[in-house]
Structures are given as structure tokens and as C-alpha cells.
Amino acid sequence: MDKQKNKRRSGPRTFDRDHAVDVAMHLFWRHGFEGVSLTDLTSAIGIAPPSLYAAFGSKAGLYREALDRYARMPNAFGDLDPTTSLSEAIENFLKHAVNAITDPAGEGGCMISSGMLQCGEDHVELALELAERRKLLRDKIALTLQAWLTPESAASSARYLMTLLLGLSIQARDGASPEELQDIANEALLVFKAREPGGCGIAPAWYVKSGDFAVTPKATT
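The residue count restarts for each chain, going from 1 along the sequence in the order it is written. For this predicted model, a pLDDT threshold of at least 70 governs which residues receive local features, and a threshold of 80 or more governs which side-chain atom pairs are given and counted, while totals over whole chains, interfaces and linings are taken from all residues. Based on all heavy atoms of the structure, the side-chain values leave hydrogens and waters out of the count.

Colleague: Help me out: how do you make sense of the packing of helix α3 (residues 38-45) against helix α4 (residues 49-56) in this one?
Modeller: A pair of packed helices is characterised by two quantities: the angle between their axes and the separation of those axes. The axes used here are C-alpha line fits, helices contributing only the stretch in contact, and every angle between their N-to-C directions lies in the interval 0 to 180 degrees. Counting from the N terminus, the helices are DSSP H or I runs at least four residues long and the strands are E runs at least two residues long. For the pair α3 and α4, the least separation of the axes is 10 Å and the interaxial angle reads 95°. The angle between the axes of α3 and α4 places the two elements in the roughly perpendicular class. The segment α3 lies against α4, with Leu38, Leu41 and Thr42 engaging Pro49, Leu52 and Tyr53. The labels follow the angle: roughly parallel below 35 degrees, roughly antiparallel above 145, roughly perpendicular from 65 to 115, and oblique for the rest. What makes two residues a contact is simply this: any of their non-hydrogen atoms within 4.5 Å.

Colleague: For this particular structure, what's the right way to read the pattern of salt bridges?
Modeller: Side chains carrying opposite charge are able to pair once their charged atoms draw close together. The rule for a salt bridge is simple: a side-chain nitrogen of Lys or Arg has to be within 4 Å of a carboxyl oxygen of Asp or Glu. Using the criterion set out here, one finds eight salt bridges in the structure. Asp139 is the partner of Lys135 in a salt bridge, and the nearest nitrogen-oxygen pair spans 2.8 Å. In this pair, Lys135 and Asp139 both sit in helix α7 (residues 124-145), four residues apart, roughly one turn of the helix. Here's how the labels work: a residue is buried when its accessible area is under 20% of the maximum for its type, exposed when over 50%, partly exposed in between, all with a 1.4 Å probe on protein chains only. Given the relative accessible area of 33%, Lys135 is considered partly exposed.

Colleague: How should I be thinking about the packing of aromatic side chains in this particular structure?
Modeller: Between two aromatic rings, the relevant description is the distance of the centres plus the angle of the planes. Two aromatic rings from Phe, Tyr or Trp, using only the six-membered ring of Trp, form a pair when their centres are within 6.5 Å; if the ring planes differ by under 30 degrees the pair is stacked, by over 60 it is edge-to-face, and anything between is tilted. Inspection of the entire model under this criterion finds five aromatic pairs. Both rings, one in Phe28 and one in Tyr63, keep their centres 4.9 Å apart while their planes meet at 80°; by these two values the pair is edge-to-face. You can see Phe28 sitting in helix α2 (residues 17-31) and its partner Tyr63 sitting in helix α5 (residues 59-72), a full 35 residues away along the chain. Each member of the pair, Phe28 as well as Tyr63, carries the same accessibility label: buried. Between Lys59 and the ring centre of Phe33, over which it is positioned, the NZ or CZ distance is 4.3 Å. Only when the NZ atom of a Lys or the CZ atom of an Arg is both within 6 Å of the ring centre and within 35 degrees of the ring normal do we say a charge sits over the ring.

Colleague: Sorry if this is basic, but what is going on with the confidence of the model for the chain here?
Modeller: Detailed reading of predicted coordinates is not advised where the pLDDT is low. Values of pLDDT, which run from 0 to 100, indicate the predictor's confidence residue by residue. In this model, the chain carries an average pLDDT of 82, and 78% of its residues clear a pLDDT of 70 or more. The weakest mean pLDDT in the chain belongs to helix α1 (residues 2-9) at 44; the strongest belongs to α3 at 96. Between residues 1-12, whose pLDDT stays under 50, and residues either more than four places distant or in other chains, the model counts zero contacts.

Colleague: Explain the nonpolar core to me, please; I cannot follow it from the model alone.
Modeller: Soluble globular proteins: nonpolar side chains tend toward being buried together. We define the nonpolar core as a collection of buried residues of types Ala, Val, Leu, Ile, Met, Phe, Trp, Tyr and Cys that are connected through side-chain atoms lying within 4.5 Å of one another. Counting residues in hydrophobic clusters, the biggest one holds 55 residues, and the most contacted among them are Phe28, Leu62, Tyr63, Met111 and Leu145. Listed by contribution, the elements that provide at least two residues to this core are α2, α3, α4, α5, α6 (86-101), α7, α8 (151-173) and α9 (178-193).

Colleague: Looking at this model, I keep getting lost on the environment of Ala71. Mind explaining?
Modeller: Of note, Ala71 is situated in helix α5. Taking the C-alpha atoms as reference, Ala71 lies 8.1 Å from Ile112; in sequence the two are 41 residues apart.

Written as C-alpha cells, this is what we have:
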């Protein structure tokens, strides 16, 4: 009887799915999908390839779960909160973005906004899924911006913000400091401050459009 108990105690450890996804998320975030091999994953997680396939179906299946985990992180890019003003909402969103992509607990940059921008032919479908995730985030931002802007202006502004997020993410991966990235965000914030009634921001010369998107810079003295 004692021998049977000892045998059970010395058996394989229970597979920790949550731990596996967390480890994989950091590997994929740091190196990208194609930069992480199956051996990298199984060695870091501590399981054999058959166990990984049994749990996740494929490397791509594990990557999808890792993306879901990343999207649920408290410091990941989230929704744009409808606050009291357009510029306040943008300011809070950009501050959160800079904090997220420079968090020492992370791997630098955004796993979704800059994920799989290039890939081999075998992974085109997965890359399209990343593009769809980015589109969904852009659509959510646009919907929130409609509290202050027309649908057309909100959609254009959301695309502008997503472009900015991608640039900030790449800069973070290249080693830019939080202060440097916040300076970039502050420059972008001037665009939105200039659009509010009585706004104090001065829009860049390139950002003058007609119709609902018009910006009239204040005269300087």
C-alpha cells in the first residue's frame, strides 16, 4: 500500500494551463510568433510537445490564448473612457498607452498593435486575425469618440490614434524612454485640444481639414 502511494506521489505534475499561457505570452510578446519555436515553448513551459498539442491544438492555438491573456491584462491597451472632454479622454488614453508599453513587468511595446506585421505564407491567416483585433480596437475607440465628434470624424481620429499607438509601440521596442514617448503623446494631444470650443492647443500645419474635421489654429501674440 505504501509503495502504491509513493508511486502516485512521484508521478507527473498536474499541467498548469494558466502558467503555460503566461509563459508563452511573454515569449511571443518578446520574440514574435515566428521567433518562438516549439522547442522554446516546451522547454520554457516544462512539457513535452504531445502535451502542448493536446492542450492547445497547435502553436497557433497557444498564441491565440496568449493574445487573449494579453488583452485582459490591466495595463494592456483598453477602451477610451468617455470623460468630460475630448482632450481629457485622449490624454488619459495616451498616458495609459505609454505606461503599458514601457511597463517593466512587460516585454516592451504592444503585443497586439505591433504583432505579426510581417509573416511567412504559412501564417497569413493568423496575421489577419491580428489585423482584425486591431480593427476592433479602432472601432471601439471611434465609437467612444462619437460622444464629441461626428461618426466620420470619429473614425478618422480613431485611425490616427491607432497609427500613433503603433509608432509608440515600435519606439518602445527600440528603447525610447517613457518620458520621450510621453513627449510624443503630448504633441499629438495638441491636435485634439485645438478642436474643442475655446481650445488652447495649436494644431500642426498638416492637420487642417475641411468640414467637421476643420481646425483653426489660434493666433499667437
